[in-house]
Amino acid sequence: MENKLTKEEKMKEKVALSNAVTGKMVVVFAALLLAIAALVYFGERMILSPLVVAVAQIVAGLGTIAALVWCSASAKGKKDYRFNVFSPSMVLGLCASTLFVTLMYPTVDASRTIISVIALAVLFFVYQIYPVDFFICSVSVISGFIAATVMNNQGVTLFKDLVVFAIYAAIMAICIGFFAKLAKGGKIKIGKNVVKKPRGMINAAVIASFAVSLIAVLGVLALGGYLMYFIATACVVYFVIAIIYTVKLM
C-alpha cells in the first residue's frame, strides 16, 4: 500500500513539477532559436552537401529509435521521470523534431522549414499549458498546415505527396480516435499517464479544427495553387479557437 503524501510533500512535488516544465520550455525555446539560426544560415548559403544531410538524417533517426526504446522501457519501469527536464518523452520529442527538420530541409525551402519548426514548438507549449482538447485541435491544424506546405512544394514528387498524405491521415486518425474516446467520457493511458476528459471540453472547436485541417490538405491536393487561401482560413479558425481557450484559462 502506498503512503499518502503530506500537504508539505504535495507542495514540494507541485513545485518540482513546475520547475521541470519550466526547464523543458527553456530547452525547447533554446532549441527553436538554434534551429532557426541554422536554417537561416545554411538556407542563405546552400552549403550543406547531400552527404551531410544524409548523415544528419541517419543520426537523428537512430536517436529517435533509441528514444522510443527508452520511452517503452520507462513506461514499464518504476522510475518517475516527471521531475526530469530530459525525460524519455522530452528526448524523443527533440530527436523526432531533429529528424523532421533533416527530412524536410532538402524537400522544401528554408523559410517553409522554419515556419514548420515554429509550429512544432507551438505544439509543445500548447501541450504544457492548455487542456487536452485544445492540444488535439493544435495537432490536427498544425499537421494539416505542414502536410499542405510540403505537398504544395514544386520539388515534391507524387510519391512523396502520397507518403506525406499517408502520414497526415494516420495522425488525423489518431486525433479523431483520441477525441471520440474522450468525448464519450473514456480514459486513455499513455505510458504511466492517464488522460481524462477535461471539464468544459468544447467538442465543436475540435470538430472545426478537424474540418479546416482536412479542407486545407484535400484542397491543396485537388487545386494545388490556392495554398495561401486554405492556410489563411485554417489560421483564422485556429486563432479564434485559441482565443476561446485562452479566455477559459483566465
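Procedures and definitions
Residues numbered from 1 in each chain as written. Predicted model: local features only at pLDDT ≥ 70, side-chain atom pairs only at ≥ 80, totals over all residues. Heavy atoms only, no water. Helix = DSSP H or I, 4+ residues; strand = E, 2+ residues; numbered from the N terminus. Contact = heavy atoms within 4.5 Å. pLDDT = per-residue confidence, 0-100. Core = buried A, V, L, I, M, F, W, Y, C linked by side-chain atoms within 4.5 Å. Buried < 20%, exposed > 50% of the residue type's maximum accessible area, 1.4 Å probe, protein only. Phe/Tyr/Trp six-rings, centres within 6.5 Å; stacked < 30°, edge-to-face > 60°.

A. Quick peek at the side chain of Ser87. You can see Ser87 is positioned in the loop between helix H2 (50-76) and helix H3 (88-104). Those residues in contact with Ser87 that sit more than four places away from it in its chain are Lys24, Trp70 and Tyr81.

B. Molecular detail of the confidence of the model for the protein chain. Confidence in the prediction of the protein chain, expressed as mean pLDDT, is 84, and 91% of residues score 70 or more. Within the protein chain, helix H5 (residues 132-151) carries the highest mean pLDDT (89), whereas strand E1 (residues 188-190) carries the lowest (71).

C. Molecular detail of the nonpolar core. Membership of the largest hydrophobic core comes to 43 residues, with the highest contact counts inside it found for Phe134, Ile136, Phe178, Leu182, Val206 and Phe210. Among the secondary structure elements, those contributing two or more residues to this core are helix H4 (110-129), H5, helix H6 (158-183), helix H7 (203-223) and helix H8 (227-249). Contact partners of Phe134, with chain neighbours within four places excluded, come to Val126, Tyr238, Ile241, Ala242 and Tyr245.

D. Representation of the packing of aromatic side chains in the model. For the structure on display, the rule yields nine aromatic pairs. Ring plane angle 35° and centroid distance 5.0 Å describe the contact between Phe134 and Tyr245, whose orientation is recorded as tilted. Here the residue Phe134 occupies a position in helix H5, and Tyr245 occupies one in helix H8, the gap between them amounting to 111 residues. The same class applies to Phe134 and to Tyr245, which are both buried. A centroid spacing of 5.9 Å and a plane angle of 80° characterise the contact between Phe179 and Phe210, whose relative ring orientation is edge-to-face. Taken together, the residues span a long stretch of sequence, with Phe179 in helix H6 and Phe210 in helix H7 at a distance of 31 residues. The same class applies to Phe179 and to Phe210, which are both buried. Taken together through their ring pairs, the aromatic side chains of Tyr130, Phe134, Tyr238, Phe239 and Tyr245 make up a single cluster.

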